[in-house]
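This is what each chain is made of:
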Amino acid sequence: MPGITREEVAHLARLSRLELQAEELDHFAEQLDVIIGAVARVSEVAGQDVPPTSHPLPLTNVMRADEVRQSLTPEQALSGAPASEDQRFRVPQILGED
Amino acid sequence: MTELIKYTAAETAAAIAKGEVTAVEVARAHLDRIDAVDKKVNAFLHVDHEGALAAARAVDAKRASGAELGPLAGVPLALKDVFTTRGMPTTCGSKILEGWVPPYDATLTKRLKDADVVILGKTNMDEFAMGSSTENSAYGPTGNPWDLTRIPGGSGGGSAAALAAFEAPLAIGTDTGGSIRQPGAVTGTVGVKPTYGSVSRYGLVAFSSSLDQGGPCARTVLDTALLHEAIAGHDPLDSTSIDAPVPDVVAAARTRDVRGMRIGVVKEFAGEGYQAGVMQRFEESVALLRELGAEVVEVSCPSFTLALPAYYLIAPSEASSNLARFDAMRYGLRVGDDGTRSAEQVTALTREAGFGPEVKRRIILGTYALSSGYYDAYYGSAQKVRTLISRDFDAAFAGVDVLVSPTTPTTAFPIGERADDPMAMYLADLCTIPSNLAGNAAMSLPCGLAPEDNLPVGLQIIAPAMADDRLYRVGGAVEAALNDKWGHALLEEAPAL
């Protein structure tokens, strides 16, 4: 099983929306390489014909009646927002200028 | 009269119901204790003096009106800071949620309030419940009341330390890989991870949704059962909640009789890495169970050796997805929004500033395990291991009623010793993780002090899913026999703070 490189960690950090500092990248790459080396043992079972378990309970599609119920008011829902305006979350620009 | 802070929850509720003491006096005694010792222990992130006294006054008024009081009415509780509390800060031990005041109560919080439990405040924890020492809290580590230079376990170190420091007789934890049981073990307190799905996760800030389970913590088995009964049960707001009756854990805790029960000792939980004094106390507990009339056999669960690697793929994978919600848009911290940066840049800067190193490590690890090309080898294999572990449990429980093991391989280690060595830290969860992967029920209770360091050792009891009552039956019997032998409860031996 291959280890993990600093470049891979940088790529994963970008995918995870983490603006890591250079020294964090060095440190994490070293630690993650050790962790991945240790957890890679699970691949011992990769070839075995065993069904995967994603969840301890065999529940699927738990539904409730489709009816209006009491919920948070807009003020309550926005109460923790870093910025809001006109009963909406105010966010930085999500599209480029052009 | 014993000091009010030394009362068990059951004694406290009885004294309030009889009018021997008021709920306000009980709340004040605990708030005073917190004011006196918590600067040293750092179990609490937030203490709600006014709210606790108001809740206590309401209990006293209810009694005065002649209304019947519930079994925990007026009993103070320390709530892990991972459950939402309307009007009270909820940080999950993270800077990214500093100052956040939720607009709603978790179902568990609501049930506590409905039971007239007095919530004293919110307890310290490893950030987003990721850790085994509470050192990963953004608000400083919690000390173990047995030795303040040592860890109180984690992630629920604050809740366990609050119990051991007599700051509260009841506490709530969450257990994803051992975060209730391991802190219980190293602080000489009792903790139960109920069957997955039996305590609602609505309002429990998610770390790893298929593993997270809230549960009760206390200083006695009976108190733990009373709290278990108050918080467990079906909740339509949690789609993974089990719609079935909760076993009668309180009656089981009072049985104190293990005659005829079949108990399995898991062969794989021993050997290299296990402290001699931990194994000594564990083996004495097994001998005690035999003396009490249980039939003890050795069982083998070969797949358990792969539980730790599987857990450290599954939990980070789910965490990498769950923690995507901390995007600096709807609540919590926002950094770098100076009008020039895009939403994506602001999100990345905020997460860099708001998350600590362990959370970042796990997000990256989970993202890696789920990425194309590695998914089958890592996440896919870990899911197969999960099946194999469940099969091992099924085979074991075909022959025995419960399994027992040490809760942790070692006693509390010094603060700082494993802080920057993730793999060493992860080993603390070696014996607790299989129950999270399989979703069954497990308890840790004190079984003595390790002779080499005079620190508490935990005995773990594991029961099949929805047979949580067996934990209390065995735990109650062991606790009663040990207290008889010692002439007192183990915490009586803890040093004064």
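Cut-off values and rules
- Sequence order as written defines the numbering, with residues in each chain counted from 1.
- As a convention, the first chain written is A and the first ligand written is 1, with the rest following in written order.
- Note on the predicted model: pLDDT of at least 70 is required for a residue's local features to be given, and 80 or more for side-chain atom pairs to be given and counted; whole-chain, interface and lining totals, by contrast, use all residues.
- In this description a helix means any DSSP run of H or I spanning at least four residues, a strand means any run of E spanning at least two, and both kinds are numbered starting from the N terminus.
- Residues with at least 20 other C-beta atoms within 10 Å of their own are called buried, those with 12 or fewer are called exposed, and the rest are partly exposed. The C-beta atoms themselves are positioned from the backbone.
- A pair of strands is treated as paired once DSSP finds two or more bridges between them.
- Note: pLDDT gives the predictor's confidence per residue, expressed from 0 to 100.
- Lines fitted to C-alpha atoms define the axes, with helix axes restricted to the stretch in contact, and inter-axis angles between N-to-C directions lie between 0 and 180 degrees.
- Working rule for angles: under 35 degrees goes down as roughly parallel, over 145 as roughly antiparallel, 65 to 115 as roughly perpendicular, anything else as oblique.
- The contact criterion used is a C-beta to C-beta distance within 7 Å, with each C-beta placed from the backbone.
- We call Asp, Glu, Lys and Arg charged. Ala, Val, Leu, Ile, Met, Phe, Trp, Tyr, Cys and Pro are nonpolar, and the rest, Gly among them, are polar.

1. Thoughts on the overall build of chain A
Each helix and strand counted, chain A has 3 helices and 2 strands in total. Its helices and strands taken in sequence order, chain A reads α-α-α-β-β from the N to the C terminus. C-alpha extents for chain A along the principal axes are approximately 50 × 45 × 30 Å. Expressed as a percentage of its 98 residues, the buried residues of chain A come to 20%.

2. Describing the pairing of strand S11 (residues 456-463) of chain B
It is a general feature of regular strands that their side chains alternate between the two faces of the sheet. Residue and element names in this part refer to chain B. Buried residues dominate S11, accounting for 8 of its 8 residues. Along S11, one buried face is formed by Pro456, Gly458, Gln460 and Ile462 and the opposite face, lined by Val457, Leu459, Ile461 and Ala463, is buried too. Of the strand pairs in this sheet, strand S9 (residues 402-406) and S11 are connected by 4 bridges, and their pairing is antiparallel. The partner of Val404 across the bridge, within S11, is Ile461. Pairing of strand S10 (residues 441-449) with S11, which is carried by 7 bridges, proceeds in the antiparallel orientation. Residue pairing for S11: Ala442 is matched across the bridge by Ile462. Where S10 folds back on S11, the antiparallel hairpin that results is connected by 6 residues, among which Asn454 adopts a positive phi of roughly 55°.

3. Thoughts on the confidence of the model for chain B
Residues with a pLDDT of 70 or more make up 100% of chain B, whose mean pLDDT is 97. Both scores are given for the predicted complex: the pTM is 0.97, the ipTM 0.95.

4. Points about the packing of helix H1 (residues 6-15) of chain A against helix H2 (residues 22-39) of chain A
Residue and element names in this part refer to chain A. Two elements in contact, H1 and H2, have axes whose closest approach is 9 Å; the angle formed by their N-to-C orientations is 110°. Here H2 runs roughly perpendicular to H1, going by the angle between their axes. Across the interface between the two elements, Arg6, Val9 and Ala10 from H1 touch Leu25, Asp26, Phe28, Ala29 and Leu32 from H2. Taken together, the residues of the contact of H1 with H2 sort by class into 6 nonpolar, no polar and 2 charged.

5. Things to note about the interface of chain B and chain A
Where interface size is given, it is often the accessible area lost as the parts come together that is meant. Across the boundary between the two partners, chain B contributes 58 residues, which contact 46 residues of chain A. For the side of chain B that touches chain A, the elements supplying multiple residues, two or more each, are helix H10 (307-322), helix H11 (343-354), helix H12 (357-369), helix H13 (376-397) and helix H14 (422-426) of chain B. Per element, the largest residue contribution to the side of chain B that touches chain A is 13 residues, and it comes from H13(B). Residue composition of the side of chain B that touches chain A, grouped by class: 31 nonpolar, 15 polar and 12 charged.

6. Some remarks on the sheet that holds strand S6 (residues 214-218) of chain B
Residue and element names in this part refer to chain B. Read from one edge of the open sheet, 11 strands run S1-S3-S2-S4-S6-S5-S10-S11-S9-S7-S8, paired in mixed fashion. The outermost strands of the open sheet, each flanked by one partner alone, are strand S1 (44-47) and strand S8 (295-299). Sheet twist, expressed as the average angle between the axes of neighbouring strands with direction ignored, equals 25°. Looking at chain direction, strand S5 (residues 190-193) and S10 are connected through 3 bridges and run antiparallel. Bridge pairing in S10 places Lys193 opposite Ala442.

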